[in-house]
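Here's the letter readout for the chains.
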Amino acid sequence: MDRIVYLDNAATTPVDPQVVQAMLPVLTGPGGNPSSHYSIGYEAKEQIDTARAQVAAALGCLPGEVYFTGGGSEADNWAIKGTARKLARQGKKHLITSAFEHHAVVHAMQALEKDGFEVTWLPVTADGFVRPEDVAAAIRPDTALVSVMLANNEIGTIQPIQEIAAICRENKVLCHTDAVQAVGAIPVNVKELGVDMLSLSGHKFNGPKGVGALYIRRGVLPDNLIDGGGQESRRRAGTENVAGIVGLGAAIELAVGHLEEKQAHLVALRDYVIGRVLANIPETRLNGDAKNRLPGNANISFAGLEGETILLDLDMRGICASTGSACNSDSLDPSHVLLAIGLPHEAAHGTMRFSFGPQNTMEDAEYLCSVLEEVIPLRRAMSPVWKPLA
Amino acid sequence: MGMYSEKVMDHFAHPRNVGEMPDANGVGEVGNAKCGDIMRMYLKIEDGRIVDVKFMTFGCGAAIATSSMATELIKGRTIEEALGLTNKAVVEALDGLPPVKVHCSVLAEQAVKAALSDYYRRQGVDPEPIVGKLTEDCHACEGGSCGV
Ligand SMILES: Cc1ncc(COP(=O)(O)O)c(C=O)c1O
Ligand SMILES: [Zn+2]
């Protein structure tokens, strides 16, 4: 294949060469244990502290409020299970979340349901938003936590977290947001948002995989998820992934440093693709609000087709994209996100997510559109749904 | 390496016998759009032999490849031979399928049988004793794994 056009940046992103440069000395250096008491141990500890300061600067919090984890899923699990277990001891066994969270949140909540917690799954609007008034209405005296994502990973819609967090504060309920898709894509300031906890993941903003962080506001004390040694101020055990943490620190600094430029670039690509596809290919629809969405996210349904068909046709032409969400590609079920915004099963099946990154060019966007304009009519011509029996 | 064999990808990229057939004398459609797979088979049968076959498929890569392969396996064959087509034969001819996609081959077998049933019905013959009972819906849905 001569040309690879990577349009699945919501699934993961390529590591920025500058991030690799920052990580290399950690991987090739003496590699002391950050908990050891000699110079190379201290050096590793300092490298982690630098990264912590970089994350804190990006999020607008104190370095002591940043805890490194093994990724976004762990951060979500910690925030949710740690808070639930802690507050259950005070008789609070009710949790609130939305119907279109990432599986890291959905399955953590479901695990708690099995343990006797009660979860309220808030509906979302047809254009992809949780309504703050629904959060307010769902809060009870025994509510421990509200967890609503900042940006949806499939349809990219940006949730009114500031309002939701304010409602939580008024009601003295803790508020967590999964900002894995948002950090590095839109401005994220934890103080402005007013959340108590926020999850992020390095590999979504051109950092390494398998490393993330949980912001925990000072004074908020969820139970530990990983027990063991005294790392991360005794709150997250395990010898630190020093190179990964250093990479995450470098990546977040780069990502927020050029955010406005990056956003403008991505919006241009996104809106070009959405505009051209909707204009040139009949019976297509954009999922999620057209404006209040991640700069790099285009999620489009193609009537009469099944997403995997499109995925394979694109792959044969060097384009990497995803059907609904990458996490779901082993399952026959349509995406719970698309069903939550009210798409019928048929339409949900024929949905593609194109997610752009800083490395993509307008040429990539044009190439995608011309390939779609070529393959969609060909596959529709052989679709019994597109051409029903007379 | 992708999830599919080269044979599957070949049939996906270059489906054989695809399209509509206005003068078919047996047409069958199985599956449902809700679960994500629909196959339609058109047969032209003369003197007990399938002289032409065409298919239309909505579904994943495996759904398209299995229906394409099924048409190749029955084209030019007698009705009896076509009735003997199993999903296993389709899978083998494609050099295998991932386990989650085996239901597509079941659907391909069912599509052929549905078209043959329609042929018999048009001849005024009750197809059930010959073709057997059709499930019409896909295997995965019966098992509930489609989540509908
Ligand atoms: C919204 C959201 N939350 C959580 C995750 C999980 O993050 P990670 O892959 O780092 O565990 C992802 C990405 O996969 C995501 O998009
Ligand atoms: Zn099915």
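Since the model is a prediction, treat every value here as computed from it, not as a measurement. (Residues numbered from 1 in each chain as written. Chains lettered and ligands numbered in written order. Predicted model: local features only at pLDDT ≥ 70, side-chain atom pairs only at ≥ 80, totals over all residues. Heavy atoms only, no water.)

**What about the sheet that holds strand β1 (residues 26–32) of chain B?**
Residue and element names in this part refer to chain B. Spatial ordering of the open sheet is given by β1-β2-β3, a layout of three strands whose pairing is antiparallel. For this open sheet the edge positions go to β1 and β3 (49–58), each flanked by a neighbour on one side alone. Within this sheet the neighbouring strands show an average axis-to-axis angle of 15 degrees, counted without direction. The pairing of strand β2 (residues 37–46) with β3 spans nine bridges and is antiparallel. Within β3, the position partnered with Arg 40 by the bridge is Met 56. Strands in contact with helix α5 (residues 102–122) are β1 and β2; relative to β1, the strand with the most contacts, it is inclined by about 145 degrees. (Pairing = 2+ DSSP bridges. Helix = DSSP H or I, 4+ residues; strand = E, 2+ residues; numbered from the N terminus. Axes fitted to C-alpha atoms, helices over the stretch in contact; angles between N-to-C directions. Contact = heavy atoms within 4.5 Å.)

**Some points on unusual backbone geometry**
Residue and element names in this part refer to chain A. Even without being a glycine, Glu 232 presents a positive backbone phi close to 50 degrees. Within the chain, Ser 233 stands out as a residue other than glycine whose phi angle is a positive 55 degrees. By secondary structure assignment, the location of Ser 233 is in helix α8 (residues 231–234).

**Let's talk about the packing of helix α10 (residues 259–280) of chain A against helix α14 (residues 362–381) of chain A**
Residue and element names in this part refer to chain A. Closest axis-to-axis distance for the α10/α14 pair is 9 Å, and the angle between their directions is 20 degrees. The angle between α10 and α14 falls in the class roughly parallel. For the element pair α10 and α14, the recorded crossing hand is right-handed. Two secondary-structure elements touch here, α10 through Ala 268, Leu 269, Tyr 272, Val 273, Arg 276, Val 277 and Asn 280 and α14 through Met 362, Ala 365, Glu 366, Leu 368, Cys 369, Ser 370, Leu 372 and Glu 373. Partitioning the contact of α10 with α14 into residue classes produces 10 nonpolar, two polar and three charged. (Parallel < 35°, antiparallel > 145°, perpendicular 65-115°, else oblique. Left-handed = near helix turned anticlockwise from the far one by under 90°. Nonpolar A, V, L, I, M, F, W, Y, C, P; charged D, E, K, R; others polar.)

**Brief notes about the nonpolar core**
Membership of the largest hydrophobic core comes to 65 residues, with the highest contact counts inside it found for Leu59(A), Leu198(A) and Leu200(A). For this core, the leading source of residues is helix α9 (residues 242–257) of chain A, giving nine residues. Split by domain, this core shows at least three residues from each of two domains, domain 1 (17–256) and domain 2 (258–380) of chain A. With near-sequence residues (within four places) excluded, Leu200(A) lies in contact with Val55(A), Leu59(A), Gly71(A), Gly72(A), Val180(A), Val183(A), Phe205(A), Gly212(A), Ala213(A), Leu248(A) and Ile252(A). Ranked by size, the runner-up nonpolar core spans 41 residues in total, among them Met69(B), Ala70(B), Ile79(B) and Val131(B). (Core = buried A, V, L, I, M, F, W, Y, C linked by side-chain atoms within 4.5 Å. Buried < 20%, exposed > 50% of the residue type's maximum accessible area, 1.4 Å probe, protein only. Domains from an automatic or database assignment.)

**Structural notes on the packing of aromatic side chains**
Summed over all chains, the structure comprises two aromatic pairs over all chains. Taking 5.6 Å as the distance between ring centres and 65 degrees as the angle between the ring planes, the aromatic pair formed by Tyr119(B) and Tyr120(B) counts as edge-to-face. Sitting above the plane of the Tyr367(A) ring, Arg3(A) keeps its charged end 4.4 Å from the centroid. Lying over the aromatic face of Phe12(B), Arg379(A) brings its terminal NZ or CZ to 3.9 Å of the ring centre. (Phe/Tyr/Trp six-rings, centres within 6.5 Å; stacked < 30°, edge-to-face > 60°. Lys NZ or Arg CZ within 6 Å of the ring centre and 35° of its normal.)

**Some remarks on a nonpolar patch on the surface**
Residues Val15(A), Val20(A), Leu24(A) and Leu27(A) make up a contiguous nonpolar surface patch of about 300 Å² in total accessible area. Mapped onto the fold, Val15(A) is located in the loop between β1 (5–6) and α1 (17–28). (Patch = residues over 30% accessible without salt bridge, like charges linked within 9 Å, V, L, I, M, F, W, Y side chains within 5 Å. Areas by Shrake-Rupley, 256 points an atom, 1.4 Å probe, with all protein chains shown as cover. Salt bridge = Lys/Arg side-chain N within 4 Å of Asp/Glu carboxyl O.)

**Let's talk about the site of ligand 1**
Residue and element names in this part refer to chain A. Taken together, 13 residues form the shell around ligand 1, and within it Ser 73, Asp 178, Gln 181, Ser 201 and Lys 204 come nearest. Within the side chain of His 102, one N or O atom sits 3.4 Å away from an oxygen atom of ligand 1. At 2.6 Å from an oxygen atom of ligand 1 is found a side-chain nitrogen or oxygen belonging to Ser 201. Protein coverage of the free-state accessible area of ligand 1, which is 390 Å², stands at 87%. At three residues, helix α3 (residues 72–88) tops the list of elements feeding residues into the shell around ligand 1. (Near = heavy atom within 4 Å. Polar contact = N/O pair within 3.5 Å; in protein donor to acceptor, adjacent residues only side chain to side chain.)

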